[in-house]
Amino acid sequence: MLNERLNQREEAVMNAVVTLAAGREKLLCTPQEILALLPPKQGMDEGTLDGVLSALELDGYFQLTHTERKGEKMYVFHLLTAGLSYKRSGAQRKRSFYIRLLVTVALAVLSFLIGIVLKLIFT
């Protein structure tokens, strides 16, 4: 799962891009549209956004083309396999975390019960 390696900013930007794409493989949007979907605590501007988008492009989530329309900066995204499966892999990662947590709790309870049984046997 690729998104285990993403930092908070990359996660936020990737969520915004996937939300804007709405299941499509190609997307045309402005930097302001992406920035509007980001949490205010990220404190990102266009320069920071360009850096994060470049990093995500290198990671193989999408191909990015910078263009202009009527003097306004635009991004053209072509989502690749990793970008198209981003939401799904996030859900799988969350499910895997909860399963590991459940197994850990179950083993802790089992260890506690075995400890009590052994204590009763040897006392």
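Our subject is the structure listed above.
To keep things clear, this report deals only with the structure shown in the data block. (Residues numbered from 1 in each chain as written. Predicted model: local features only at pLDDT ≥ 70, side-chain atom pairs only at ≥ 80, totals over all residues. Heavy atoms only, no water.)

**A short note on the overall build of the protein**
Next, step 1: From N to C terminus, the protein includes five helices and three strands.
Next, step 2: Mapped in sequence order, the helices and strands of the protein form the string α-β-α-α-β-β-α-α.
Next, step 3: A compact globule built from 123 residues should have a C-alpha radius of gyration of about 14 Å, whereas the protein, at 22 Å, is more than 25% larger.
Next, step 4: Along the first, second and third principal axes, the C-alpha set of the protein runs to 85 × 30 × 20 Å.
Next, step 5: Split into buried and exposed, the 123 residues of the protein put 29% on the buried side.
Next, step 6: The contacts of the protein with a sequence gap of at least 6 include a subset with a gap of at least 24, amounting to 59%.
Next, step 7: Total accessible area computed for the protein in this model is approximately 8,200 Å², and 61% of it derives from carbon and sulfur atoms.
Next, step 8: For the protein, the separation between the mean place of its 15 positive charges and that of its 12 negative charges on side chains is 12 Å. (Helix = DSSP H or I, 4+ residues; strand = E, 2+ residues; numbered from the N terminus. Rg over C-alpha atoms; globule rule 2.2 N^0.38 Å. Buried < 20%, exposed > 50% of the residue type's maximum accessible area, 1.4 Å probe, protein only. Contact = heavy atoms within 4.5 Å. Areas by Shrake-Rupley, 256 points an atom, 1.4 Å probe, with all protein chains shown as cover. Lys, Arg positive; Asp, Glu negative; His and termini not counted. Charge placed at Lys NZ, Arg CZ, Asp CG, Glu CD.)

**Regarding the pairing of strand β2 (residues 62-69)**
Next, step 1: Sheet topology places β2 next to strand β3 (residues 72-79); eight bridges connect them, and they run antiparallel. By the bridge assignment, His-66 is partnered in β3 with Tyr-75.
Next, step 2: As consecutive antiparallel partners, β2 and β3 are separated by two residues, and within that stretch Lys-70 has a phi angle of approximately 55°, a positive value. (Pairing = 2+ DSSP bridges.)

**Quick word on the side chain of Thr-30**
Next, step 1: Note on placement: Thr-30 falls in the loop between β1 (26-29) and α2 (31-37).
Next, step 2: Judged by relative accessible area, Thr-30 falls into the buried class, the value being 8%.
Next, step 3: Setting aside residues up to four positions removed in sequence, Thr-30 forms contacts with Glu-72, Lys-73, Met-74 and Tyr-75.

**Comments concerning the pattern of salt bridges**
Next, step 1: Scanning all chains against the criterion turns up two salt bridges.
Next, step 2: Glu-11 is the salt-bridge partner of Arg-93, the closest N and O atoms lying 3.7 Å from each other. Here the residue Arg-93 occupies a position in helix α5 (residues 86-121), and Glu-11 occupies one in helix α1 (residues 8-21), the gap between them amounting to 82 residues.
Next, step 3: Judged by its relative accessible area of 27%, Arg-93 falls in the partly exposed class.
Next, step 4: A salt bridge links Lys-73 to Asp-50; the shortest N-O distance between them is 2.7 Å. (Salt bridge = Lys/Arg side-chain N within 4 Å of Asp/Glu carboxyl O.)

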